[in-house]
Amino acid sequence: MNDFSAAKAIYIGSDHAGFALKEVLVAALREEGKNVVDMGPMNAERTDYPDYARTVCAKVLESGDPGILICGTGIGMSIAANRRHGIRAAVCTHEFHARAAREHNNANILCIGERVTAPGLAVELARIFLSASFTGGRHEARVAKIEII
Ligand code: RB5
């Protein structure tokens, strides 16, 4: 599948440092009619990002649907998520990142840092990421090589 047009859900999770931005994204994407499954946390109490990376990755791998992970920087979430085979998690801070992550890397999880990304930009990054398509072609073999590392 080269795009998420048939996705049934978007799985989203954060840690405490990404909680406020998660709430913004959940509300904005639901407002646009998306079925957003909030994998937690449900409050801003201190928590550990790998726990939420793990649960969102499991859902993304099981369903083929996209995920969004938010922590303070986006980095911890991406490092944790990319431990799973089949997960291609990209930290994005710019619209071009979000588009290229899909078109070139066939990323299936968008990672955002609440401490470095304004809420309006974060919503735009999610919109771009969810609507852009993997272009395949020369990128197909490169992505396949990632999977055999
Ligand atoms: C939490 O303080 C912070 O370290 C975490 O949210 C994340 O940025 C780690 O990469």
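See the structure printed just above.
Note that residues are indexed from 1 along each chain, following the sequence as it is written. In view of the model being predicted, local features appear only for residues whose pLDDT reaches at least 70, and side-chain atom pairs are presented and counted only at 80 or more, with totals across whole chains, interfaces and linings using the full set of residues. Hydrogens and water are ignored here; the side-chain numbers use all heavy atoms of the structure.

A few points about the environment of Ala 107
Thinking step 1. Only DSSP runs of H or I reaching four residues or more are called helices, and only runs of E reaching two or more are called strands; each is numbered from the N terminus. Position of Ala 107 among the secondary structure elements: in the loop between α4 (95–103) and β5 (109–113).
Thinking step 2. Residue exposure (1.4 Å probe, protein chains only): buried if accessible area is under 20% of the type maximum, exposed if over 50%, otherwise partly exposed. By relative accessible area, Ala 107 is classed as buried at 1%.
Thinking step 3. Along the sequence, Ala 107 and Ala 90 sit 17 residues apart, while their C-alpha atoms lie 6.4 Å from each other.
Thinking step 4. We call two residues contacting when some pair of their heavy atoms lies within 4.5 Å. When sequence neighbours within four positions are dropped, the list of residues in contact with Ala 107 reads Phe 4, Arg 88, Ala 90, Ala 101, Arg 102 and Phe 129.

Here's the deal with the site of the ligand
Thinking step 1. Note on definitions. A residue lies near a molecule or strand when any single heavy atom of the residue is within 4 Å of it. In the neighbourhood of the ligand, the contacting residues comprise Asp 15, His 16, Ala 17, Tyr 49, Cys 71, Gly 72, Thr 73, Gly 76 and Arg 115.
Thinking step 2. The contact in question runs from an oxygen atom of the ligand to an N or O atom on the backbone of Thr 73, over 3.0 Å.
Thinking step 3. At a separation of 2.9 Å, an oxygen atom of the ligand approaches a polar backbone atom of Gly 76.
Thinking step 4. For the ligand, the accessible surface in isolation is 290 Å², of which the surrounding protein chains cover 72%.
Thinking step 5. Ten residue types, Ala, Val, Leu, Ile, Met, Phe, Trp, Tyr, Cys and Pro, are classed as nonpolar, four, Asp, Glu, Lys and Arg, as charged, and the remainder, Gly among them, as polar. Looking at the shell around the ligand residue by residue, the class counts come to three nonpolar, four polar and two charged. Pairs of N or O atoms within 3.5 Å make up the polar contacts considered here, provided that, within protein, one atom can donate a hydrogen while the other can accept it, and that residues adjacent in sequence are counted only when both atoms are side-chain atoms. Each accessible area value is a Shrake-Rupley result obtained with a 1.4 Å probe; residue values ignore everything except the protein chains displayed when judging cover.

Digging into helix α2 (residues 49–63)
Thinking step 1. Taking 1.5 Å as the rise per residue, α2 with 15 residues should run 21 Å; its terminal C-alpha atoms sit 21 Å apart, in good agreement.
Thinking step 2. Among the residues of α2, those classed as buried are Tyr 52, Ala 53, Val 56, Cys 57 and Val 60. Down the axis of α2, the buried set is contained in an arc of 135°. They therefore lie on one face. Every exposed residue of α2 that faces more than 90 degrees away from the buried side is listed here: Arg 54 and Glu 62.
Thinking step 3. Those residues of α2 that are buried lie in contact with β1 (10–14), β3 (67–71), α3 (75–81) and β5.
Thinking step 4. Downstream of α2 by a residue or two, Gly 64 has a phi angle that is positive, lying close to 80°. The span you would expect from a helix comes to 1.5 Å times its residue count less one. The directions from the helix axis to the C-beta atoms form the arc being described.

Regarding the nonpolar core
A general feature of soluble globular proteins is that nonpolar side chains tend to end up buried together.
Thinking step 1. We call a set of buried Ala, Val, Leu, Ile, Met, Phe, Trp, Tyr and Cys residues a nonpolar core when their side-chain atoms join them within 4.5 Å. Residues Leu 25, Ile 68 and Phe 129 are the most contacted members of the largest nonpolar core, which totals 25 residues.
Thinking step 2. Put simply, the parts of the chain that give this core at least two residues each are β1, α1 (19–31), β3, α4, β5 and α5 (119–131).
Thinking step 3. Examining the composition of this core, we find that seven residues originate from one element, α5, more than from any other.
Thinking step 4. Ignoring anything within four residues of it in the chain, the contact list for Phe 129 reads Phe 4, Gly 67, Ala 98, Ala 101, Arg 102, Ala 107, Asn 108, Ile 109 and Leu 110.
Thinking step 5. Formed by 15 residues, the second largest nonpolar core is a distinct cluster that contains Tyr 11, Val 56, Leu 69 and Ala 89.

As for a nonpolar patch on the surface
Thinking step 1. Taken together, the side chains of Ile 75, Ile 79 and Val 91 present a nonpolar region at the surface, about 250 Å² in accessible area.
Thinking step 2. Residue position: Ile 79 is located in helix α3.
Thinking step 3. The exposure class of Ile 79 is exposed, given its relative accessible area of 55%. Patches here are clusters of residues that have more than 30% relative accessible area and form no salt bridge, with a 9 Å joining cutoff for like charges and a 5 Å cutoff for nonpolar side chains (Val, Leu, Ile, Met, Phe, Trp, Tyr). A carboxyl oxygen of Asp or Glu within 4 Å of a side-chain nitrogen of Lys or Arg is what we treat as a salt bridge.

With respect to the pairing of β3
Thinking step 1. A large share of β3 lies buried, amounting to five of its five residues.
Thinking step 2. Side chains Gly 67, Leu 69 and Cys 71 project from β3 onto one buried face, and the interleaved Ile 68 and Ile 70 project onto a second face that is buried too.
Thinking step 3. In the sheet, β1 pairs with β3 via four bridges, with the strands oriented parallel. Bridge pairing in β3 places Tyr 11 opposite Gly 67.
Thinking step 4. Any two strands between which DSSP finds at least two bridges are classified as paired. Of the strand pairs in this sheet, β3 and β5 are connected by five bridges, and their pairing is parallel. Counterpart to Ile 68 in the pairing with β5 is Leu 110.

So yeah, pure geometry; function would need other evidence.
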